[in-house]
Amino acid sequence: MNAPREIMDGSTLALLTARMEGIARKMANTLHRTGRSGILTIARDFSCVILTAKHELLATAESLPIHVLRGPDIMARTMAENHKVLRRGDAFLHNSPYHGCTHPADHSILIPVIDDEGVHRFTVLAKAHQADCGNALPTTYMGAAKDVYAEGALIFPAVKVQENYDHVMDIIRMCQMRIRVPDQWWGDYLATVGAARVGERELLALGSEIGWDRLETYTQQWFDYSERRMMDVIRAMPKGRVTRKSTHDPFPATPLDGVTITATVEVKPDEAMIEVDMTDNPDSMENGLNLSEACALSAPMLAIFNSIDHTVPKNEGSFRRIRVHLRDGCIAGRPRHPTSCSAATTNIADRVANPVQAALAELAEGLGQAETGALLPPSCGVVSGVHHGKPFVNEVYLGCTGGAGSPTQDGWLTILHAGNAGMCYQDSIEVDELRHPIFVHQRRLMPNTEGPGRFRGALGAYSEFAPVDCDMTVAYISDGNINPAQGTRGGMAGGCSAQYRKRPDGSLEPLPACAEVLIKADERMVSISAGGGGYGPPHEREIERVVHDVREGWISRERAAEIYGVVLNAELRLDHVATQHRREQLQKG
């Protein structure tokens, strides 16, 4: 007779959850401290997670939502399907967007955690965005790539890269021959493997301490608790169905008016379910904007979690209450090989997340968010070149803001983009200048670029940087030049993005939105990132907040009066009578 299953109390669930999150955090700390490229050690563009042996997402710590909400489950399943016998000491390299990875630049290491009896108990996954993944051009975002062959990166669908803790050197040599700065890649690879091995070590110790069967009981009860939390939140939401659109700027191989993404969000409180229909969207295109399945699933989900009680756990349990409908061969669905998904984590993914969170805002006051500013301006581009005979390549984060106004707060200044959720860091200028032959002349906020609202969007950022003693290629795919982040519930749009070459005489040459631009030693790259959309009518913004924004130089006196209805004199003191009159005018429309 089987013993009755233990019913764990809340304290036990909380303690074991903290242990699991602590392991994921140890993995992330290892990767952050031992990586070699700036995109990992400065910008922190990576994620570390734990999954059950049934491929269910369990613990994520401070991972990027677009990396992990969905995708790790598919990747782990691919590992198990491709390798029927998993042994302790195995490790697998995975970057295939057709088998659960986000895009080819996100090299991931999966390690099955095998107990002393040879039973697969958990899987740990460390995902690290690469400075260079071996694409045909020196960038990890090839927006104009016709297909995966034009990208040029090696694709690894859960390929064994370690056996009995020894490297499979044939795979290592293939990567080193393809990647421009192989020593940098090798350091990042070792850091990623090391992070996953730390997770394996800690889970083996935890299993010995707690017992594997008890840990399995914990995971299922933690999932059940998380599902109940999600059900409670959805049942408190208003019933409704909203369709909202967001348009990506024209790029190579897109329609002339850009790519309009349609999201239909339906909240079903009676069933405690949220459904998102992404099937009414264009077919896959001959460029690098197409979403992988992982990103097509994660983008609507992160928009939902951005819009509800932040204390709801993000794991397989709460995921049971979200249903995302996708279509095969769709730009926002499941891609077919050889469709390029080079930029799957950013551009179209944000154009999926934005209408979902804005649609939730339309359901009721207090829900959702406005749209987040678009990516990837040159300030988030990949810089490369040859300096004193040595090649260099890295993605920099020199200034990108874009946070959306929400029901209770202004836009997050350093969110970077919707899928990142602020988990990456903005680069230290001094550290970038030490590591790469670049000089940053300016990084500042752009006045009057916020999306006005009761709670405004973040301002756009201005960045100006140049190579030192060499020429430099900057590769970027800058959405938002034409279609800014829209506001919601009466909020207004944020400022547009832009990019220029600054010539030696100081004149500015406008540059294409999707390009690899050669900046000469006597020239500069100028990047303007998009502002975030506003939430609620601007004339309802607290007067004190508007006054503060004017005094900080974020908005002008004229903008404060015209849009927010707040009148200040030349000494930046509030004119109470004029403000009341102006706000009454705005209220009447």
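Residues numbered from 1 in each chain as written. Predicted model: local features only at pLDDT ≥ 70, side-chain atom pairs only at ≥ 80, totals over all residues. Heavy atoms only, no water.

Draft legend 1. Representation of empty space enclosed by the protein within the structure. Here the structure, examined in full by the defined rule, presents three cavities of 30 Å³ or more. Size it by volume and the largest cavity reaches roughly 110 Å³. Contributing to the lining of the largest cavity are 18 residues, with Asp-45, Tyr-141, Thr-346, Tyr-397 and His-417 lying nearest its centre. Class assignment for the residues of the lining of the largest cavity results in nine nonpolar, seven polar and two charged. (1 Å grid on protein atoms, 1.4 Å probe; cavity = no way out; pocket = protein on both sides within 12 Å on 5 of 7 lines; lining within 4 Å. Points joined across faces, edges and corners; volume = space filled by probe spheres on them. Nonpolar A, V, L, I, M, F, W, Y, C, P; charged D, E, K, R; others polar.)

Draft legend 2. Just the pairing of strand E3 (residues 91-94), in detail. Alternating positions in E3 separate into two faces, Ala-91 and Leu-93 on one and Phe-92 and His-94 on the other, with burial throughout. Where E3 and strand E6 (residues 159-163) come together, three bridges link them in antiparallel fashion. Residue pairing across strands places Leu-93 opposite Val-159, the latter belonging to E6. Here E3 runs beside strand E4 (residues 106-114); their pairing, made up of three bridges, is antiparallel. Bridge assignment links Phe-92 to a residue of E4, and that residue is Leu-110. (Buried < 20%, exposed > 50% of the residue type's maximum accessible area, 1.4 Å probe, protein only. Helix = DSSP H or I, 4+ residues; strand = E, 2+ residues; numbered from the N terminus. Pairing = 2+ DSSP bridges.)

Draft legend 3. Seen up close, the sheet that holds strand E2 (residues 57-59). The sheet built from seven strands is open, its strands ordered E2-E1-E5-E4-E3-E6-E7 with antiparallel pairing. Whereas interior strands pair on both sides, the edge strands pair on one side only; in this sheet they are E2 and strand E7 (166-167). Its contacts with the sheet put helix H7 (residues 182-210) on strand E1 (46-52), E3, E4, strand E5 (120-129), E6 and E7, and the angle it makes with E4 is roughly 25°. Relative to E5, helix H8 (residues 212-235) is tilted by about 60°, and along the sheet it contacts E1, E2, E4 and E5. (Contact = heavy atoms within 4.5 Å. Axes fitted to C-alpha atoms, helices over the stretch in contact; angles between N-to-C directions.)

Draft legend 4. Quick look at the sheet that holds strand E15 (residues 461-467). As summarised here, the arrangement of the five strands in space is E14-E15-E20-E17-E18, forming an open sheet in which the pairing is antiparallel. In the strand order of this sheet, the two ends are held by strand E14 (438-445) and strand E18 (508-510), each with one partner. For this sheet, the mean angle separating the axes of adjacent strands, direction not counted, is 20°. Pairing geometry for strand E17 (residues 498-502) and strand E20 (residues 524-528), over five bridges, is antiparallel. Across the sheet, residue Ala-498 finds its bridge partner in E20, namely Ile-528.

Draft legend 5. Representation of the packing of helix H9 (residues 293-306) against helix H11 (residues 347-363). Where H9 contacts H11, the axes come no closer than 8 Å and their chain directions differ by 35°. For the crossing formed where H9 meets H11, the hand is right-handed. Residue-level contacts link Ala-299, Pro-300, Leu-302, Ala-303, Ile-304 and Asn-306 of H9 to Ala-349, Val-352, Ala-353, Val-356, Gln-357 and Leu-360 of H11. Counted by class, the contact of H9 with H11 contains ten nonpolar, two polar and no charged residues. (Left-handed = near helix turned anticlockwise from the far one by under 90°.)

Draft legend 6. Fine view of the packing of aromatic side chains. Overall, the coordinates contain six aromatic pairs when judged by the stated rule. Look at Phe-122 and Trp-212: their rings are 6.2 Å apart centre to centre, the planes differ by 45°, and that puts the pair in the tilted class. Note that Phe-122 is positioned in strand E5 and Trp-212 in helix H8, a separation of 90 residues in sequence. Trp-212 sits in the buried class, given a relative accessible area of 15%. Each residue in the set Trp-185, Trp-186 and Tyr-189 is aromatic and connected to the rest through ring pairs, giving one cluster. Between Arg-444 and the ring centre of Tyr-462, over which it is positioned, the NZ or CZ distance is 4.2 Å. (Phe/Tyr/Trp six-rings, centres within 6.5 Å; stacked < 30°, edge-to-face > 60°. Lys NZ or Arg CZ within 6 Å of the ring centre and 35° of its normal.)

Draft legend 7. How the structure looks around the nonpolar core. Of all hydrophobic cores here, the largest spans 125 residues; its most connected members are Met-20, Ile-50, Leu-58, Ile-109, Phe-122, Met-278 and Leu-291. When residues in this core are grouped by element, the largest group, ten residues, is from H7. Excluding residues that lie within four positions of it along the chain, Ile-109 makes contacts with Ala-91, Phe-92, Leu-93, Val-124, Leu-125, Ala-126, Val-161, Tyr-189, Thr-192, Val-193 and Ala-196. Ranked by size, the runner-up nonpolar core spans 17 residues in total, among them Val-396, Phe-465, Met-472 and Val-474. (Core = buried A, V, L, I, M, F, W, Y, C linked by side-chain atoms within 4.5 Å.)

Draft legend 8. Structural context of the layout of surface pockets. By volume, the largest pocket is sized at about 1,100 Å³. Surrounding the largest pocket, 41 residues form its lining, Phe-305, Asn-306, His-310, Lys-314 and Ala-421 being those nearest its centre. Breaking the lining of the largest pocket down by element, the ones donating at least two residues are helix H1 (10-34), E2, helix H3 (65-68) and H9. Across the lining of the largest pocket, the residue classes break down as 20 nonpolar, 17 polar and four charged. Of the pockets and cavities examined, the second largest pocket occupies roughly 160 Å³. Forming the boundary of the second largest pocket are Thr-52, Ala-53, Lys-54, Glu-56, Val-119, His-120, Arg-121, Phe-122, Trp-212, Glu-216, Thr-219 and Gln-220. Those elements that place two or more of their residues in the lining of the second largest pocket are E5 and H8. Here the lining of the second largest pocket takes four residues from H8, the largest share from any one element. Considering only residue class, the lining of the second largest pocket consists of four nonpolar, four polar and four charged.

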